[in-house]
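Here is how the chains run, residue by residue.
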Amino acid sequence: MKETIHIYHTNDLHSHFENWPRIRRFLQERRKWHEEAGESVFIFDIGDHVDRSHPMTEGSLGKRNVELLNEAGYDAVTIGNNEGITLPKEGLEILYEEAEFPIVLANLYEEDGKRPEWAQPFCLVHLPNGMTMGLTGATAFFSGAYEQLGWTLSEPLAALKEQVDQISGKADIVVVLSHLGIYEDEKIAHTMPKADVVLGAHTHHLLHEGKEINQTLLAAAGRFGYYVGHVMIEVDTETKQILRKKACVYNTMEALPAPANEHKEIEGYAEEGKKALAQPVISLSVPLASDWFAPSELPQLLCEALREWCGADGALLNAGVCLGGLEAGTVTKYDIHRMLPHPINPCLIELSGAELKEVLKQTTDDKWPHMTIKGLGFRGKVMGRFIYDRLSVDMEQYRFKVNGVDIVNDHQYKLATLDMFAYGRFFPPLYRAPQKKHFMPEFLRDVMEWKLLHHGFHLKK
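Read on for an overview of the structure. (Residues numbered from 1 in each chain as written. Predicted model: local features only at pLDDT ≥ 70, side-chain atom pairs only at ≥ 80, totals over all residues. Heavy atoms only, no water.)

Turning next to the overall build of the protein. Across its full length, the protein holds 16 helices and 23 strands. Relative to the globule expectation of 23 Å for 461 residues, the C-alpha radius of gyration of the protein, 24 Å, shows essentially globular dimensions. Once the C-alpha set of the protein is aligned to its principal axes, its extents read approximately 80 × 50 × 40 Å. Scored against the burial criterion, the 461 residues of the protein give a buried share of 57%. Here the contacts in the protein between residues at least 6 apart in sequence split such that 73% fall between residues at least 24 apart. Split by element, the accessible area of the protein, about 19,500 Å² in all, is 49% carbon and sulfur. (Helix = DSSP H or I, 4+ residues; strand = E, 2+ residues; numbered from the N terminus. Rg over C-alpha atoms; globule rule 2.2 N^0.38 Å. Buried < 20%, exposed > 50% of the residue type's maximum accessible area, 1.4 Å probe, protein only. Contact = heavy atoms within 4.5 Å. Areas by Shrake-Rupley, 256 points an atom, 1.4 Å probe, with all protein chains shown as cover.)

For the coordinates displayed, the defined rule picks out 19 aromatic pairs. On the numbers, 6.1 Å between centres and 20° between planes, the contact of Phe42 with Phe44 is stacked. Phe44 sits in the buried class, given a relative accessible area of 1%. Note on Trp292 and Phe293: the rings are 6.3 Å apart at their centroids and 85° apart in plane angle, and the pair reads as edge-to-face. A relative accessible area of 21% means that Trp292 is categorised as partly exposed. Grouped by ring-pair contacts, the aromatic residues Trp368, Phe386, Phe421, Phe426 and Phe427 constitute a single cluster. Above the plane of the ring of Trp151 lies Lys89, whose end atom (NZ or CZ) is 4.2 Å from the centre. Over the aromatic face of Trp368 sits the side chain of Lys367, whose NZ or CZ is 4.5 Å from the ring centroid. (Phe/Tyr/Trp six-rings, centres within 6.5 Å; stacked < 30°, edge-to-face > 60°. Lys NZ or Arg CZ within 6 Å of the ring centre and 35° of its normal.)

As a further point, take the packing of helix α11 (residues 297-310) against helix α16 (residues 444-454). Orientation of α11 relative to α16, taken along the N-to-C sense of each, is 95°, at an axis distance of 9 Å. Here α16 runs roughly perpendicular to α11, going by the angle between their axes. When α11 is examined against α16, the residues Leu298, Leu301, Leu302, Glu304, Ala305, Leu306, Glu308 and Trp309 are found in contact with a partner set consisting of Leu444, Val447, Met448, Trp450, Lys451 and Leu452. Counted by class, the contact of α11 with α16 contains 11 nonpolar, no polar and 3 charged residues. (Axes fitted to C-alpha atoms, helices over the stretch in contact; angles between N-to-C directions. Parallel < 35°, antiparallel > 145°, perpendicular 65-115°, else oblique. Nonpolar A, V, L, I, M, F, W, Y, C, P; charged D, E, K, R; others polar.)

Quick look at empty space enclosed by the protein now. All told, the structure shown has 1 cavity of 30 Å³ or more when counted by the stated rule. Along the walls of the largest cavity sit Asp45, His49, Val50, Asn65, Val66, Leu69, Val77, Thr78, Glu83, Leu95 and Tyr96, which together make up its complete lining. The dominant element in the lining of the largest cavity, judged by the number of residues it contributes, is helix α3 (residues 63-72), at 3 residues. For the lining of the largest cavity, the residue count by class is 6 nonpolar, 3 polar and 2 charged. (1 Å grid on protein atoms, 1.4 Å probe; cavity = no way out; pocket = protein on both sides within 12 Å on 5 of 7 lines; lining within 4 Å. Points joined across faces, edges and corners; volume = space filled by probe spheres on them.)

One pass over the structure, following the stated rule, counts 25 salt bridges. Between Glu97 and Lys63 there is a salt bridge, with its nearest N and O atoms 3.5 Å apart. With Glu97 in the loop between α5 (89-95) and β4 (108-110) and Lys63 in helix α3, the pair connects residues that are 34 residues apart, well separated along the chain. Assessed through its relative accessible area of 25%, Lys63 is described here as partly exposed. Asp389 is the partner of Arg307 in a salt bridge, and the nearest nitrogen-oxygen pair spans 2.3 Å. Residue Arg307 is found in helix α11, and its partner Asp389 is found in strand β18 (residues 386-389); the two are separated by 82 residues along the sequence. For Arg307, a relative accessible area of 10% gives the class buried. Three or more residues are tied together by salt bridges with common partners; here these are Glu304, Arg307, Glu308, Asp389 and Lys451. (Salt bridge = Lys/Arg side-chain N within 4 Å of Asp/Glu carboxyl O.)

With that out of the way, let us pick up the layout of surface pockets. Roughly 280 Å³ of internal volume is contained in the second largest pocket. Lining the second largest pocket are 16 residues, and of these Arg52, Glu58, Lys333, Arg445 and Asp446 sit closest to its centre. Classifying every residue of the lining of the second largest pocket by side-chain character gives 6 nonpolar, 3 polar and 7 charged.

Moving on to the sheet that holds strand β22 (residues 412-418). The 5 strands lie next to each other as β18-β15-β22-β17-β23, forming an open sheet whose pairing is mixed. The sheet is open, and its two borders are formed by β18 and β23 (436-438), each paired with just one other strand. Strand after strand, the sheet turns through a mean of 20° between neighbouring axes, direction not considered. Bridge count for strand β15 (residues 314-318) against β22 is 2 bridges, and the pairing is parallel. Paired with Ala315 across the bridge in β22 is Ala416. Against the sheet, helix α13 (residues 353-363) engages β15, β17 (346-352), β18 and β22, with an angle of about 120° to β17. (Pairing = 2+ DSSP bridges.)

Let's shift gears to the pairing of strand β9 (residues 197-200). On β9, burial covers both faces: Val197 and Leu199 on one face and Val198 and Gly200 on the other are all buried. Sheet analysis places strand β8 (residues 173-179) next to β9, joined by 4 bridges and oriented parallel. Within β9, the residue paired with Leu177 across the bridge is Leu199. Handedness of the β-α-β unit built from β8, helix α8 (residues 182-191) and β9 comes out right-handed. For β9 and strand β11 (residues 216-219), the ladder comprises 3 bridges, and the chain directions are parallel. Residue pairing in the sheet places Val197 in a bridge with Leu217 of β11. (Right-handed = clockwise from strand over helix to strand, strands pointing away.)

Of all hydrophobic cores here, the largest spans 55 residues; its most connected members are Val321, Leu356, Leu418, Phe421, Met448 and Leu452. Grouped together as the second largest cluster of nonpolar side chains are 38 residues, Ile79, Leu87, Ile103 and Trp151 included. (Core = buried A, V, L, I, M, F, W, Y, C linked by side-chain atoms within 4.5 Å.)

This is the structure in structure tokens:
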């Protein structure tokens, strides 16, 4: 007797709640539809549903995201790097307190080597037809960042192989929730033949009809909720064998119907975040302007704050990181979040003078200001001009200085900058530098708030 098992999956929503009302309605209707037809149906999320760039996520530290997953009827999730390393340790520990689904995660541990109580390396689901589905999952291997937050992360492919080997003896269908990226997913297919389906994430790849490697089906639904994935597994319930696997995706804005009051719901999420972040921070007697392409006060102030926070010789950042200025009067946490929504951490990098001069020379290239940037935590639009604190560049005389003194090639310098320049390959000397210190879990907005409160800005009387 043949039967089809349906799996719906999302990944890398990144708190793009403008797509959520349609996704939720679609998933709820599909569950009802399949259950009325007597078919088994499951809904999984493959991580990075949380993104603190949205004020509602920021205001609840992701707990509202979990409530939305509950409402939509999700059956299991794994975590992405946004859940794992943009939340403080205590934030991740309580994130899933109200979750009505298991968190399947094979490669995360406490510092003492124990698994966190809120996660499990695998789970088994017993289907009405007598078959069993086994799930395991893993998150991207940002081991240094996890360790700095007080976690221990094991190598994901080894962790998954151990779990797949274990559950394959207990399950008729093995599904991997992989927040590892397309290249790692392909390795899973090549090295773990007992994995029947790999649901992917992290690299935001979109597989319209899936991809089959060694009889393992890879599926992924892109990013930001633009698509919802659907995997169909046809089985023989008597022999408990998989007969056929198929994958497809649905375009959220084109294929999924909008629920009533969709726009009101989306606006409500933003308003909820604004209220949660309404706490006053300071009152400014003068506005602080921000300009991506010309000198302005606010990016310069942030650059100075970055140097002070990191204890560096000098600092540099791109003006495009400031998405707006601050008006005179009361400044709230919401205002600072709106201006600096990025999950970007301060970073201290040690460089030789020769390397620092090379970086400074590269920052003067005319290509930067209007360059569109995506990923690496950046939630803005363009790079903008480069801003310096206690650093100077004179390309006409080819002179580079730190605090007014010429840079010495073989001297070591400490540069404060954004972690996106440590992770991304914009400036090879920064990317390759072995001595880096990431300040976590603080973001740029925390540094900005600290600067406003303690360094030269005072409440109006």
